[in-house]
Amino acid sequence: MLAVIRLRATPQAVGLVLVVSVCVALASQPTGNSPRTESISVPRLDSAPSLEDFVDMRPSSELAGKMARVDKFTQWIPRDGEPASQETQAYLGYDQNHLYIVFICFDSEPHRIRARRSRREDIFRDDRVDIFLDTFNDQLRSYVFTVNPFGIQADANWIEREGQQYDRSFDTVWDSRGTLTDRGYVVWVAIPFSSLRFSPERTQEWGILLGRFIPRVNEGSFWPYLTSRIEGRLNQAGTLQGLADISPGRNLQLIPYGFFRSFRALDLRDEDQPQYVEESADFEAGVDFKTVFRDSLVLDVTVNPDFNQVESDEPQVTVNQRFEVFFPEKRPFFLENASYFETPINLFFSRRIVDPGFGVRLTGKAGQFAIGALYANDEAVGKSVPEDDPLFDEKSHNVIVRISRDLGRQSSLGMMYTDYRLSNAYNRVGGVDGRAKISQNWVTSFQGVASASRLTDGTELSGPAWDAVLQRTGRQLSYTAEYNGRSPGFRTAIGFLPGSRGLSRPGRPRTRRVFLRPDIQSFRQVLNYRFRPEGDYLIAWGPDFTLNPTWNFDGSALDSLYSIDLNAELVGQTYLGVFYTGLVERLSPEDFEALPEKTRYSSGRKGLYWSSNFTRFFGISGEYAWGTVINLVPPEGEIPELSNSTQGALGFTWYTTRFLKVEGAYLLSRVLDRADSSSVFNNHIFRSKVNWQFTRRLSTRAIIQYNTILANPKLTSLETNRNLNFDHLLTYLVNPWTALYIGYNNNRRNIEILPHEGGSELIRTNDLNNDSWQFFVKFSYFLSF
């Protein structure tokens with residue numbers, strides 16, 4: 001009988017067992033990687049093949065006929081090990097500058113192929129093909145190139161690690177084309193060697209996986225055979241042979257940019273005199289310089305860097321949250337090669353660097369070492385305080401260094417160091433981490449760090465933190481045990497270290513990694529089991545169990561979370577589930593001064609969730625949960641109370657044509673007083689987004705979002721707030737670095753500045769008044785030498 005193991009030992013003992021198991025696993029690792037089971041030798045071509053050589057669903061020229069062919073694609077999902085339901089052929093070759101791969105994808109129902117002329121990266125609901133290239137053949141990291149039937153691109157890095165394995169922040173320049181036919185579709189891909197990093201050897205051996213996805217039947221198939229019965233993906237890749245006398249070259253790149261805007265914004269730096277500032281013509285310019293040396297290391301230097309974010313954040317509920325809400329990075333400089341700086345403890349959260357003036361970064365591989373180093377200053381603090389503040393016009397300085405050594409067998413050992421300085425304050429964090437593959441299904445990892453800090457008031461703090469994980473991955477049974485510890489004195493100024501209740505999105509408790517505040521220990525266990533009937537409609541179903549108790553460092557209990565999910569996967573990318581989550585939280589006078597002593601609160605919620613892309617025109621998703629939560633925003637001077645709660649989310653995606661995409665979302669968070677069911681607050685978020693793709697390069701999108709908080713002042717310290725935002729963007733995108741953006745944003749809120757003697761005051765009103773607007777033009781151009 002499978003069950004989640006209950007913790008009976010002390011957290012220190014459990015952590016010690018996990019850390020020792022990692023060290024033993026690392027010490028006992030055999031050298032070398034897992035042997036490849038299949039290989040393909042690619043021929044050198046005299047000239048480049050074209051899409052037209054294959055539009056008849058066969059190689060129709062002498063050149064195309066010389067290319068190497070693979071065609072035995074096997075299902076990875078849903079029926080692991082069975083032949084693919086549709087025939088796929090792939091042809092490979094190369095010349096001095098490019099690797100060429102052509103997919104011929106047959107389909108017995110070509111009218112049901114899902115393909116849209118969408119924006120770059122927005123193709124994951126389409127039929128598509130994947131190319132994985134492990135260019136260092138280390139079975140730890142690979143490039144991923146994805147193309148839909150119209151040749152629209154997406155690219156990423158794949159990293160063998162626990163949690164999120166795709167790093168979609170990666171962008172590079174490559175070519176792709178595609179066309180639908182009466183028997184399926186054909187995709188042509190040309191990947192420049194100048195866009196890849198690999199060893200400087202004369203002859204190359206790379207790992208390779210070729211995949212095809214058919215979303216209407218939830219099918220993914222690969223060559224060579226890739227199974228979900230064992231952990232890892234790159235250890236199952238084939239070997240790409242035959243590449244010789246190739247190089248990325250010096251590959252000098254220059255990316256100048258210009259950013260022009262006129263705007264109006266609310267200035268709140270002086271609390272006694274809020275005011276609006278306007279600028280009719282504000283211009284910024286800068287340049288990014290990139291060079292590659294030793295074929296595998298990339299140096300980026302940027303002067304007045306382009307850190308402007310043109311894409312808006314997805315909506316999230318941020319009220320009545322005990323800890324900070326995580327918003328992902330969207331700025332280009334920080335996105336590229338972000339995975340080189342990722343460790344189990346999030347020591348580098350790039351959105352902490354708000355307004356940099358200069359940045360430099362080194363990333364890549366040197367032999368068995370993966371290297372990441374970054375420096376950026378930040379002018380945000382000095383600009384956000386009044387002129388009489390000691391920190392006025394000060395800049396923070398941020399240094400991040402990460403080095404990891406491959407040990408073979410998808411295992412590694414690394415270190416990380418971060419340094420933050422602002423005036424006489426500092427924060428330094430350093431430590432080691434490792435990952436070891438114990439068997440085909442089991443992996444373990446750990447990280448141990450320590451910090452030393454001086455706050456702006458002169459207070460000095462120091463202390464350790466650690467994280468140890470033991471994880472099993474299988475086709476039916478998966479299990480994770482994770483032990484976290486953060487000492488009372490541990491701090492990370494440029495990391496992400498709040499607490500979390502395990503909410504991935506409002507309305508549904510999930511079992512993702514918990515980011516913890518200081519002075520806490522946690523032992524998280526997650527058990528998943530899937531029954532796999534793999535029928536015509538029902539593919540898989542099963543339960544998820546989560547248990548996550550936490551303690552202070554003095555051994556006293558803090559919070560405890562447990563949850564049970566029951567979910568099912570059906571054809572048409574359809575997922576259904578129900579859940580129950582229980583949560584025990586203990587709040588102290590440090591959290592709320594009105595509390596006389598530590599107080600225990602027990603809450604629980606149940607709910608359901610669903611999502612489906614059953615048709616190629618329409619997709620829906622939704623969540624609904626009800627139960628009890630703590631009112632964390634009581635009136636000033638009062639203690640938190642347990643309250644009734646309703647949370648929900650509803651979303652849809654409508655493809656009216658192959659060119660037009662309409663999205664809508666509604667988020668609800670409602671808290672009610674348990675005594676008389678009167679409202680504490682209601683938070684509603686409505687969002688509508690329309691994207692029209694005129695051509696592969698030219699698109700426009702518009703977003704309208706309305707966010708309102710309706711607060712009861714007798715039961716909460718929140719104020720009634722209404723916010724209406726309109727955002728429009730016209731994009732001409734040649735590649736990730738050559739682009740023209742023209743945008744306009746207008747924001748209206750129920751606020752007004754009321755002047756009075758000696759200053760002014762920001763007050764709430766019943767009307768929506770314009771508090772900010774911006775018109776901007778941004779242009780960047782990619783030059784390669």
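For the structure, check the block above.
Residues numbered from 1 in each chain as written. Predicted model: local features only at pLDDT ≥ 70, side-chain atom pairs only at ≥ 80, totals over all residues. Heavy atoms only, no water.

Undergrad: Quick question: what am I supposed to make of the side chain of S228 here?
TA: Among the secondary structure elements, S228 is positioned in the loop between β13 (219-223) and β14 (238-244). When sequence neighbours within four positions are dropped, the list of residues in contact with S228 reads W76, D80, G474 and R475. (Helix = DSSP H or I, 4+ residues; strand = E, 2+ residues; numbered from the N terminus. Contact = heavy atoms within 4.5 Å.)

Undergrad: Where do I start with the packing of aromatic side chains in this structure?
TA: Each pair of aromatic rings is reported with the distance of its centres and the angle of its planes. Throughout the structure, instances matching the rule amount to 30 aromatic pairs. Both rings, one in F618 and one in F652, keep their centres 6.0 Å apart while their planes meet at 10 degrees; by these two values the pair is stacked. Within this pair, whereas F618 is found in strand β33 (residues 618-631), its partner F652 is found in strand β34 (residues 641-655), the two being separated by 34 residues in sequence. In this structure F618 comes out as partly exposed when scored by relative accessible area, which is 37%. Put simply, the rings of W76, F132, W158, Y166, F213 and F222 pair up and form one aromatic cluster. Taking NZ or CZ as reference, R128 lies 4.6 Å from the ring centre of F213, over its face. Above the face of the Y340 ring, R141 is positioned so that its terminal group lies 4.2 Å from the ring centre. (Phe/Tyr/Trp six-rings, centres within 6.5 Å; stacked < 30°, edge-to-face > 60°. Buried < 20%, exposed > 50% of the residue type's maximum accessible area, 1.4 Å probe, protein only. Lys NZ or Arg CZ within 6 Å of the ring centre and 35° of its normal.)

Undergrad: Sorry if this is basic, but what is going on with the sheet that holds strand β5 (residues 98-106) here?
TA: What holds strands together in a sheet is hydrogen bonding between their backbones, with the strands either parallel or antiparallel. With respect to topology, 5 strands assemble into an open sheet ordered β2-β4-β5-β11-β10, the strand pairing being antiparallel. Across the chains shown, the open sheet's two edge strands, defined by having one partner strand only, are β2 (68-70) and β10 (175-181). Strand-to-strand twist in this sheet, taken as the mean axis angle between neighbours without regard to direction, amounts to 15 degrees. Summarising the sheet, β5 and strand β11 (residues 184-192) pair through 9 bridges and their orientation is antiparallel. Residue V102 lies in a different strand from β11, and its bridge partner there is W188. (Pairing = 2+ DSSP bridges. Axes fitted to C-alpha atoms, helices over the stretch in contact; angles between N-to-C directions.)

Undergrad: Explain the pattern of salt bridges to me, please; I cannot follow it from the model alone.
TA: Pairing is possible between side chains that carry opposite charge, provided their charged atoms lie close to one another. Under the counting rule described, the total for this entry stands at 36 salt bridges. D80 serves as the salt-bridge partner of R475, at 3.8 Å between the closest nitrogen and oxygen. With R475 in the loop between β24 (460-472) and β25 (477-486) and D80 in the loop between β3 (74-77) and β4 (88-94), this residue pair connects regions lying 395 residues apart in the sequence. A single burial state applies to R475 and to D80, both of which are buried. For R212, the salt bridge identified is with D107, shortest N-O distance 3.9 Å. With a gap of 105 residues between them, R212 in strand β12 (residues 203-214) and D107 in the loop between β5 and β6 (128-134) connect regions that are remote in the sequence. In this structure, R212 and D107 share a single accessibility class: buried. One continuous salt-bridge network, built from bridges that share partners, spans D80, R229, R475, R532 and E534. (Salt bridge = Lys/Arg side-chain N within 4 Å of Asp/Glu carboxyl O.)

Undergrad: Looking at this structure, how should I read the environment of L730?
TA: For L730, the location among the structural elements is in strand β38 (residues 721-735). For L730, a relative accessible area of 31% corresponds to the partly exposed category. The spacing of L730 and L740 is 10 residues in sequence and 8.1 Å in space, taken between C-alpha atoms.

Undergrad: Help me understand the pairing of β11, please; the structure alone is not making it clear to me.
TA: Most of β11 is tucked away, with 9 of its 9 residues classed as buried. Looking at chain direction, β10 and β11 are connected through 7 bridges and run antiparallel. Within β11, the residue paired with L180 across the bridge is Y185. The turn joining β10 and β11, which pair antiparallel and follow one another in sequence, is formed by 2 residues.

Undergrad: Please clarify how a negative patch on the surface should be interpreted in this entry.
TA: Taken together, D270, E271, D272, E387 and D388 make up a surface patch of like negative charges. Locating D270 in the fold gives a position in the loop between β15 (253-267) and β16 (275-293). (Patch = residues over 30% accessible without salt bridge, like charges linked within 9 Å, V, L, I, M, F, W, Y side chains within 5 Å. Areas by Shrake-Rupley, 256 points an atom, 1.4 Å probe, with all protein chains shown as cover. Lys, Arg positive; Asp, Glu negative; His and termini not counted. Charge placed at Lys NZ, Arg CZ, Asp CG, Glu CD.)

Undergrad: How should I be thinking about the pairing of strand β20 (residues 396-408) in this particular structure?
TA: Regular strands place side chains that alternate from one sheet face to the opposite one. Here strand β19 (residues 369-378) runs beside β20; their pairing, made up of 10 bridges, is antiparallel. Paired with Y375 across the bridge in β20 is V399. Two elements, β20 and strand β21 (residues 411-422), share 12 bridges in a ladder whose sense is antiparallel. Considered in β21, the bridge of R405 is made with L413. Two successive antiparallel strands, β20 and β21, enclose a turn made up of 2 residues, where R409 displays a positive phi of approximately 55 degrees.

Undergrad: Just checking my understanding: could you explain unusual backbone geometry for this structure?
TA: As a rule of thumb, non-glycine residues mostly have phi less than zero, and peptide bonds are mostly trans rather than cis. Here the amide bond leading from I77 into P78 is cis, since omega sits at -5 degrees, within 30 degrees of zero. When you line up the elements, P78 lands in the loop between β3 and β4. Of the consecutive residues W223 and P224, the connecting peptide bond is found in the cis state with omega at -10 degrees. Within the secondary structure, P224 is located in the loop between β13 and β14. A positive phi angle is found at M57, which is not glycine, with a value near 65 degrees. Here M57 is to be found in the loop between β1 (39-41) and α2 (62-65). The phi dihedral of D393 is positive, around 70 degrees, even though this residue is not glycine. Assignment of secondary structure puts D393 in the loop between α4 (380-383) and β20. Residue D393 is classed as exposed on the basis of its relative accessible area of 60%.

Undergrad: Could you clarify how one ought to interpret the nonpolar core in this entry?
TA: The nonpolar side chains of a soluble globular protein tend to be buried, and buried together. Within the largest apolar cluster, 42 residues are counted, with the highest numbers of intra-cluster contacts made by F103, L133, W206, L210 and L240. Sorting the residues of this core by element identifies β2, β4, β5, β6, β7 (141-147), β11, β12 and β14 as the ones contributing at least two each. Once residues lying within four places of it in the same chain are set aside, the contact partners of F103 are F73, T88, Q89, A90, V129, D130, I131, Y185, V186, V187, L210 and G211. If you look at the next biggest cluster of nonpolar residues, it comprises 22 residues, including A376, M416, V429 and A465. (Core = buried A, V, L, I, M, F, W, Y, C linked by side-chain atoms within 4.5 Å.)

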